[in-house]
Amino acid sequence: MKNGISLFKYGASLLGIVFLSATIYAAEETAPGVKGMSEEEFTPTKEVLAVKYVQADKPYHMDVESLKDRFKDAKGVKVALQKQDKAFPNGGGSVSSAEVKAVHDGTTIYFQISWSDPTKNVRAIAVQEFRDAVALMFPLGAVEVTPAEHFSPRMGDREKPVNLWHWKADWEADLVAKGELEDVEAQYPNMHDDFNTNPYSAYYHRELITSVAVLSGGRAANNLLSQPGRGRTVEDLNAEGFGTLTTQDHQDVNGCSHYEDGTWTVIIYRSLITEDPHDVQFVPGGNSYFNMAVWNGEEKDRNGQKNISTQWHPITLERVAWQ
Ligand code: CA
Ligand code: CA
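Residues numbered from 1 in each chain as written. Chains lettered and ligands numbered in written order. Predicted model: local features only at pLDDT ≥ 70, side-chain atom pairs only at ≥ 80, totals over all residues. Heavy atoms only, no water.

Account for the overall build of the chain, with residues named and values stated.
On a plain count of helices and strands, the chain comes out with nine helices and 14 strands. Buried residues in the chain amount to 43% of all 323 residues. Considering only contacts within the chain whose residues lie at least 6 apart along the sequence, 69% involve residues at least 24 apart. Just so you have it, the chain exposes about 18600 Å², and 54% of that area is on carbon and sulfur atoms. (Helix = DSSP H or I, 4+ residues; strand = E, 2+ residues; numbered from the N terminus. Buried < 20%, exposed > 50% of the residue type's maximum accessible area, 1.4 Å probe, protein only. Contact = heavy atoms within 4.5 Å. Areas by Shrake-Rupley, 256 points an atom, 1.4 Å probe, with all protein chains shown as cover.)

Help me get a handle on the coordination of the calcium ion (ligand 2), residues and values and all.
Perfect tetrahedral coordination of a metal by four donors corresponds to 109.5 degrees between them, and perfect octahedral coordination by six donors corresponds to 90 or 180 degrees. Of the protein atoms, only Asp236 (OD), Gln248 (OE1), His250 (O), Asp252 (OD), Asp276 (OD), Asp279 (OD) and Asp279 (OD) coordinate the calcium ion (ligand 2), at distances of 2.1 to 2.7 Å. Taken in sequence order, the residues that donate to the calcium ion (ligand 2) follow the motif D-x11-Q-x1-H-x1-D-x23-D-x2-D. What makes His250 partly exposed here is its relative accessible area of 47%. (Donors = N, O, S within 2.8 Å, 3.2 Å for Na, K, Ca; no water.)

Quick rundown of the side chain of His104? Include the residues and the values.
With respect to the element layout, His104 can be found in strand E4 (residues 97-104). With a relative accessible area of 0%, His104 lands in the buried category. A distance of 3.1 Å separates a polar atom in the side chain of His104 from the backbone nitrogen of Gly106. Once residues within four sequence positions are removed from consideration, His104 is found in contact with Val51, Lys52, Tyr53, Val54, Ile109, Leu272, Pro284, Leu317, Glu318 and Val320. (Polar contact = N/O pair within 3.5 Å; in protein donor to acceptor, adjacent residues only side chain to side chain.)

Tell me what's going on with the environment of Phe151, and back it up with residues and numbers.
Within the fold, Phe151 resides in the loop between strand E6 (133-139) and strand E7 (162-168). Here the alpha-carbon distance between Phe151 and Val162, two residues eleven residues apart in the chain, equals 9.9 Å. Aside from chain neighbours lying at most four places away, what touches Phe151 is Phe42, Pro139, Val143, Val145, Gly156, Lys160, Pro161, Val162 and Trp312.

So what's going on with the pairing of strand E14 (residues 313-317)? Residues and values would help.
Taking burial as the measure, the five residues of E14 include four buried ones, the bulk of the element. Bridge count between strand E12 (residues 287-295) and E14: four bridges; the pairing is antiparallel. Its bridge partner lying in E14, Phe290 is registered against His313. (Pairing = 2+ DSSP bridges.)

Tell me about a nonpolar patch on the surface, and please be specific about residues and values.
The grouping of Leu208, Ile209, Val214 and Leu215 at the surface amounts to a nonpolar patch, some 310 Å² of accessible area in total. At the level of secondary structure, the elements contributing two or more residues to the nonpolar patch comprise helix H7 (206-209) and helix H8 (212-215). With respect to the helices and strands, Ile209 occurs in helix H7. The exposure class assigned to Ile209 is partly exposed, which follows from its relative accessible area of 31%. (Patch = residues over 30% accessible without salt bridge, like charges linked within 9 Å, V, L, I, M, F, W, Y side chains within 5 Å. Salt bridge = Lys/Arg side-chain N within 4 Å of Asp/Glu carboxyl O.)

Which residues make up unusual backbone geometry, and what are the values?
With an omega of 0°, the peptide bond between Phe88 and Pro89 qualifies as cis. Tracing the sequence through the fold places Pro89 in the loop between strand E3 (82-83) and E4. Positive phi, normally seen in glycine, also occurs at His150, with a value near 55°. As for its position among the elements, His150 is in the loop between E6 and E7. His150 gets classed as partly exposed once you look at its relative accessible area, which sits at 34%.

This is the structure in structure tokens:
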């Protein structure tokens, strides 16, 4: 009987160890709601994006029309896109590919991304409305992406941070809107407004209706989404894995777009080098990697519900040709 109890105890503790190690193993492999990744995703594509050096002055207007000529001799890469299928909630799948070209002029790097999208979605004011958008992602620091390195091409990972440049169609619409922010009245021009219809309101509630902190918490908290006059169409962000996306204090990226015949052409540009330690840095003659995602607002794409590439794409920067 004594031996039977010992055996039972031994068996129970062995079972406990097995259970504990299975739990630890599961915790290391995936976060809750995130499915595992295949080895193929940790291998960069063979095709390399050559960032061509072009000698060209900055145009007066930074728009697609003025910038498109500098891409004419640049060789593009076609990036296959698919539904985001690992982190819940999954979504996307309506955009199957995009073409990316890149050039630099010795001081600024320009990425031109074009993709087919039958709908131009440039407003995200109503709750059922979502914007078209595209994001580029780069590893931070000098990184060699190899299968052994396990550098996630999805949102980076702990100790493997990424820098993201997120162009948003509605931010570009804001730039030309009155007050540099398309607000609720743009979507609902006949909406009822208590402040404007109450003749005593302005007098009795003057402190309230002039308080940014009370009426616009987002603006008071310096949330870029709520800011009028942000003066840019691209948000500069960092991430270290799913659910860690964070806007930067130092915004350095800008962009412009053109929509015609069911095709978006977006040009995103930034100085090759910045002073921000959270930014990717580009050196002529050097290498890096990029990955990307596209959102189609018409299909209700937003946040993690997007069309993604599941591999890193190598980048090489051509040296500056001194004359
Ligand atoms: Ca669209
Ligand atoms: Ca920055």
